[in-house]
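Examining the three-dimensional arrangement
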Amino acid sequence: MRRPRIPWKTVAVTAAVFVCALLIWVWRDPMVLVRGELARQRWAAGLSLHHAEVAGHRWAYAEREAKDPAAPTLVMIHGFTGSKENWYPLAERLAGQYRVVIPDLPGWGASERKAGEDYGFDAQNRRVAEFIARIARRPGSPLVLLGHSMGGGIVALTAADRPDLVDRVALIDAAGVRFRDNVFGEQVLAGHNPFAVHDVASLKRYLDTVFHREDAKPSIPWPASRGLIDWRRAQAPFEQAVLDRIGRGPEAFLPGQAAAHIRQPTLLLWCTQDRVIDPSALELYGERIPQAVKVRLSDCGHMSIMERPDDVAAAVDYLIRNGAPR
């Protein structure tokens with residue numbers, strides 16, 4: 001029995017309606033393009049999305065199991081204005097070798113934010129410790145805690161406070177010490193948010209600040225750029241409140257003080273062209289963590305985990321396989 005043929009005009013009209021509906025959807029919510037690209041990156045890295053109630057907040061986190069159930073677990077903590085997606089390039093490079101757990105910190109990304117809550121270094125440290133204990137830690141599986149930028153400051157506190165939870169530590173372009181003055185630091189101390197985005201020019205300035213290599217900067221075409229700018233503009237009050245605590249408040253150098261109590265094998269990794277956390281911070285952390293392995297990468301800026309993921313993956317792998325107190 002022959003199937004009835006659908007007239008080409010019907011196909012064309014249906015396709016036109018679908019395209020129009022898609023365009024209207026994108027016009028009303030340009031961030032759907034950004035979310036779609038990030039979902040594609042998560043799929044490429046073999047990660048799945050999960051949610052959990054921990055420390056009074058609903059967390060969103062990405063996870064991927066290792067081939068060996070006893071393989072080390074890597075927990076990756078993002079930085080200021082960042083999210084779990086910043087770690088996807090590194091997670092993709094480590095596929096299969098280690099279990100990976102990458103949360104959005106409370107207040108950031110897709111995790112819950114509560115009005116009036118403290119999202120500074122120490123409060124997040126306590127939340128991260130509970131997240132590790134509840135979600136990430138497994139008997140017989142070493143836990144490696146990685147932190148980038150603000151996340152590095154949080155990780156320094158967690159590693160110092162909870163050696164029972166953390167077996168190895170990586171501080172990558174980490175905040176929390178009084179590094180050599182640069183434009184970013186001077187603006188923070190003056191009460192500004194150098195990462196603030198409110199138009200096309202400030203979005204470009206933000207990307208130029210955190211990335212060194214042009215080919216590493218994410219491409220954000222219109223209308224996705226419009227959606228991202230609108231979203232970042234809405235985040236401005238929260239970003240400023242957090243920066244007031246961690247950038248120039250009494251907690252600003254708390255991670256550096258806590259670092260003197262880190263006894264675990266540690267990796268310190270910086271890029272020489274970091275315009276956010278000056279590379280002098282590596283030596284300041286190194287003075288407090290004498291057992292640390294120090295790695296300096298050239299031709300990259302603050303986002304080493306996205307600009308040089310192959311080299312960062314090699315350094316993390318070395319920490320896990322060979323890192324030992326000296």
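Heads up: these notes are all about the structure in this document. Everything quoted here is computed from the prediction, not taken from an experiment.

**Description of the layout of surface pockets**
Estimates place the volume of the second largest pocket at around 270 Å³. If you go around the second largest pocket, you meet 14 residues; those closest to its centre are V183, F184, Q187, T209 and R275. Broken down by secondary-structure element, the contributors of at least two residues to the lining of the second largest pocket are α6 (183-189) and α7 (200-210). Of the residues that constitute the lining of the second largest pocket, the class distribution is four nonpolar, five polar and five charged.

**A few points about the pattern of salt bridges**
Applying the stated rule across the entire model yields 28 salt bridges. One salt bridge connects R127 with E117, and the closest N-O pair in it is separated by 3.3 Å. In this pair, R127 is assigned in helix α4 (residues 121-136) and E117 in the loop between β4 (99-103) and α4, connecting sequence segments 10 residues apart. Linked by salt bridges that have partners in common, E63, E65, R99 and R138 make up one network.

**Overview of the nonpolar core**
By size, the foremost hydrophobic cluster in this structure holds 93 residues, and its most contacted members are L74, M76, L146, M150, L171 and Y285. Among the elements that line this core, the one with the most residues is helix α5 (residues 150-161), at seven residues.

**Describing the packing of aromatic side chains**
The geometry of an aromatic ring pair is captured by the separation of the ring centres together with the interplanar angle, meaning the angle of the planes. As enumerated under the stated definition, the model contains nine aromatic pairs in all. Where Y61 meets F131, the ring centres are 5.5 Å apart and the plane angle is 80 degrees; that geometry is what we call edge-to-face. Here Y61, found in strand β2 (residues 57-64), pairs with F131, found in helix α4; they are 70 residues apart in sequence, far enough to count as distant. Look at F131 and you get buried, because its relative accessible area is 1%. Each residue in the set F80, W108, Y119, F184, F195, Y206 and F238 is aromatic and connected to the rest through ring pairs, giving one cluster.

**Remarks on helix α12 (residues 309-322)**
Taking 1.5 Å per residue, 14 residues should reach 20 Å; α12 reaches 19 Å between its end C-alpha atoms and fits that length. Within α12 the residues assigned to the buried category are P309, V312, A313, A315, V316, D317, L319 and I320.

**Description of unusual backbone geometry**
A negative phi holds for most residues other than glycine; trans holds for most peptide bonds. Of note, the phi angle at T81 is positive, near 65 degrees, even though the residue is not glycine. Along the chain, T81 turns up in the loop between β3 (73-77) and α3 (88-93). By relative accessible area, which is 14% here, T81 ends up buried. Unusually for a residue other than glycine, S149 sits at a positive phi of about 60 degrees. Mapped onto the fold, S149 is located in the loop between β5 (143-148) and α5. Owing to a relative accessible area of 6%, S149 belongs among the buried residues under this scheme.

**Thoughts on the packing of α7 against helix α8 (residues 224-246)**
How two helices pack is summed up by the angle between their axes together with the distance between the axes. Running from N to C, α7 and α8 cross one another at 85 degrees; their axes reach a closest spacing of 10 Å. In terms of axis orientation, α7 runs roughly perpendicular to α8. On α8, the residues touching V200, L203 and Y206 of α7 are S225, L228, I229 and R232. Per-class residue counts for the contact of α7 with α8 are five nonpolar, one polar and one charged.

**Observations regarding the side chain of R232**
Positionally, R232 belongs in helix α8. Assessed through its relative accessible area of 4%, R232 is described here as buried. For R232, the side chain forms a polar contact with the side chain of E239, separated by 2.9 Å. Apart from residues lying up to four places away in sequence, R232 is in contact with T81, F195, A196, V197, Y206 and E239.

Definitions and limits used
- Residues numbered from 1 in each chain as written.
- Predicted model: local features only at pLDDT ≥ 70, side-chain atom pairs only at ≥ 80, totals over all residues.
- Heavy atoms only, no water.
- 1 Å grid on protein atoms, 1.4 Å probe; cavity = no way out; pocket = protein on both sides within 12 Å on 5 of 7 lines; lining within 4 Å.
- Points joined across faces, edges and corners; volume = space filled by probe spheres on them.
- Helix = DSSP H or I, 4+ residues; strand = E, 2+ residues; numbered from the N terminus.
- Nonpolar A, V, L, I, M, F, W, Y, C, P; charged D, E, K, R; others polar.
- Salt bridge = Lys/Arg side-chain N within 4 Å of Asp/Glu carboxyl O.
- Core = buried A, V, L, I, M, F, W, Y, C linked by side-chain atoms within 4.5 Å.
- Buried < 20%, exposed > 50% of the residue type's maximum accessible area, 1.4 Å probe, protein only.
- Phe/Tyr/Trp six-rings, centres within 6.5 Å; stacked < 30°, edge-to-face > 60°.
- Expected span 1.5 Å × (residues − 1).
- Axes fitted to C-alpha atoms, helices over the stretch in contact; angles between N-to-C directions.
- Parallel < 35°, antiparallel > 145°, perpendicular 65-115°, else oblique.
- Contact = heavy atoms within 4.5 Å.
- Polar contact = N/O pair within 3.5 Å; in protein donor to acceptor, adjacent residues only side chain to side chain.

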